[in-house]
Amino acid sequence: MSRSAHPAGPRHADVLTEGHYTAPPADLNALDPKVWAHTVSRNEDGVVSVGGIDVATLAEEFGTPAYFMDEADFRARARAWRTAFGHDADVFYAGKAFLSRAVVRWLYEEGLNLDVCSGGELTTALSAGMPADRIAFHGNNKSTEEITKAVESGVGRIVLDSFQEIVRVAHIAQSLGKRQRVQIRVTVGVEAHTHEFIATAHEDQKFGIALADGQAAEAVRRALALDGLEVVGIHSHIGSQIFDMAGFEVAARRVVALLAAVRDEHGVELPEIDLGGGLGIAYTSEDDPRDPHEIAKALNEIVTRECEAAKLQTPRISVEPGRAIVGPTAFTLYEVGTIKPLDGLRTYVSVDGGMSDNIRTALYDAEYSVALVSRASDAEPMLVRVVGKHCESGDIVVRDAFLPADLAPGDLIAVPATGAYCRSMASNYNHALRPPVVAVNDGEARVIVRRETEEDLLRLDVG
Ligand SMILES: *Cc1c(COP(=O)(O)O)cnc(C)c1O
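The structure contained in this document is the topic of the report that follows.

Looking at the ligand, there are 15 residues lining it, with Lys-96, Ser-240, Glu-320, Arg-323 and Tyr-421 nearest. For the ligand, an oxygen atom lies 2.5 Å from a polar atom in the side chain of Tyr-421. In terms of residue class, the shell around the ligand is built from three nonpolar, seven polar and five charged.

And the structure:
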């Protein structure tokens, strides 16, 4: 809607029409526990702290921008998933959300398994001591080197994604004198979006092998015939940032139908099904994520019911949450640099990072929230857009939010729920130095991924 349609209209007219925020929050100093890590709170002096350390101290010691990760929260969420699914199921943390050696050790200690989808992620996992049999290897175009390394190191499963890969993995395993445990990734014809899902017959996407037209059944047929492979199950991953369990229900029903068809044709009951990840988290107060116990109960019920109907033994279930474990555990701390009020529109607040440390807003139109964290303020709410320092007008961190009108250069602001797909998707655009990840726990802060330096940049530039 153009502004001229509301010559004397409300200051936030364009935001209202975009449907993001209908009104400023009642209290700008409040920190919604849904979007902030567990140990985050505002102290009596108005400064926000995490793990018992205030952000002014953290900024002083580690600089900005930086990601601060609440270790206790990470462990608690990992443990909650583990406990919710119990001993008859496996939880694989999706390493692509955020992976570092410290995180691998936390996962190991909390009893989780780990998904990787590249040689680099596999090396990181193994180098931190994750036993290979607790690792699953994913990807739609694994290289020969990656497959060889995965098979040699003895990963617990490789998730096969195409007909070519079935042959490739079988060949490599056989030439190494091994029999590799594999799952076959199918696309079930469910497109899941945040608050809805669409069941379709076909899926127009690069991952997996379609159940439609008997493709997946043919993949199982071929894989079962190859000596280098031990086919242990079927894998399905329907999307990301999902709140509605209905999509999982359809997926589970279709995967179980395939298990029944495999039993009827080959006389084998595949012992495992993996229902993937994709469970949503709260980026803003509008989102209402489900807790892992609710999710486990729903998935177990669906699979048990479908298997009873098909007269199959209930297979071992696994799930692969990434975002739901790490996403809410971290925030990005920025320093405000410049503030540009555009009369009648909004105020642009520039921070010392941007799309190089959080590409999700530009890439997916993702929504985030933001708070002033270095002090409390009683000033009026001001409609802002938080932008980075990159040479790109789409360099937006938070599209629409409210910050106090007395915001000033030098203030620290923080964007919560940046634990997943921010550092792991970070880039060096404009030769930005990728920020550190600092784990904070019980009054102690420790760098787990250090800040890049200009020497790091120059080391790669060998011309
Ligand atoms: C990305 C991915 C996940 C994790 O997704 P989240 O949204 O982070 O939970 C799990 N499994 C597979 C196969 C994936 O590609």
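Here the focus is the sheet that holds strand S1 (residues 41-42). With antiparallel pairing, the three strands of this open sheet are ordered in space as S1-S2-S3. This sheet does not close on itself; its edge strands, each paired only once, are S1 and strand S3 (53-54). Both strand S2 (residues 48-50) and S3 contribute to a ladder of two bridges, which runs antiparallel. For Ser-49, the partnering residue across the bridge sits in S3 and is Asp-54.

For the rest of this paragraph, the subject is helix H10 (residues 292-310). Between its first and last C-alpha atoms H10 spans 27 Å; for 19 residues at 1.5 Å apiece the expected length is 27 Å, and the two agree. Listed in full, the buried residues belonging to H10 are Pro-292, Ile-295, Ala-296, Leu-299, Ile-302, Val-303, Glu-306 and Cys-307. Burial along H10 is one-sided: seen end-on, the buried residues are contained in an arc of 140 degrees. Facing away from the buried surface of H10 by more than 90 degrees, the exposed residues are Lys-297, Glu-308 and Ala-309. Packed against the buried residues of H10 are helix H3 (71-85), helix H9 (246-266), strand S14 (272-274) and strand S15 (316-319). By the N-cap criterion, in which a side-chain oxygen at the helix start approaches the backbone nitrogen of a residue two or three places on, H10 is capped by Asp-291, the distance to His-293 being 2.8 Å. In the stretch just after H10, Lys-311 is the one whose phi turns positive, near 55 degrees.

This part is about the nonpolar core. Ranked by size, the top nonpolar core spans 112 residues in total, and within it Phe-74, Phe-85, Tyr-93, Ile-184 and Ile-413 carry the most contacts. Of the domains in this structure, domain 1 (15-70 + 328-460) and domain 2 (138-321) are the two that each give at least three residues to this core. Sequence-distant contacts of Ile-184, defined by excluding residues within four places in its chain, comprise Leu-160, Ile-209, Ala-219, Val-220, Ala-223, Val-231, Gly-233, Ile-234 and His-235.

Attention shifts here to empty space enclosed by the protein. On inspection of all chains with the given rule, the structure shows two cavities of 30 Å³ or more. In this structure, the second largest cavity encloses a volume near 30 Å³. Partitioning the lining of the second largest cavity into residue classes produces four nonpolar, three polar and one charged.

What counts, and where the lines are drawn
- Residues numbered from 1 in each chain as written.
- Predicted model: local features only at pLDDT ≥ 70, side-chain atom pairs only at ≥ 80, totals over all residues.
- Heavy atoms only, no water.
- Near = heavy atom within 4 Å.
- Polar contact = N/O pair within 3.5 Å; in protein donor to acceptor, adjacent residues only side chain to side chain.
- Nonpolar A, V, L, I, M, F, W, Y, C, P; charged D, E, K, R; others polar.
- Pairing = 2+ DSSP bridges.
- Helix = DSSP H or I, 4+ residues; strand = E, 2+ residues; numbered from the N terminus.
- Expected span 1.5 Å × (residues − 1).
- Buried < 20%, exposed > 50% of the residue type's maximum accessible area, 1.4 Å probe, protein only.
- Arc of directions from axis to C-beta.
- Contact = heavy atoms within 4.5 Å.
- Core = buried A, V, L, I, M, F, W, Y, C linked by side-chain atoms within 4.5 Å.
- Domains from an automatic or database assignment.
- 1 Å grid on protein atoms, 1.4 Å probe; cavity = no way out; pocket = protein on both sides within 12 Å on 5 of 7 lines; lining within 4 Å.
- Points joined across faces, edges and corners; volume = space filled by probe spheres on them.

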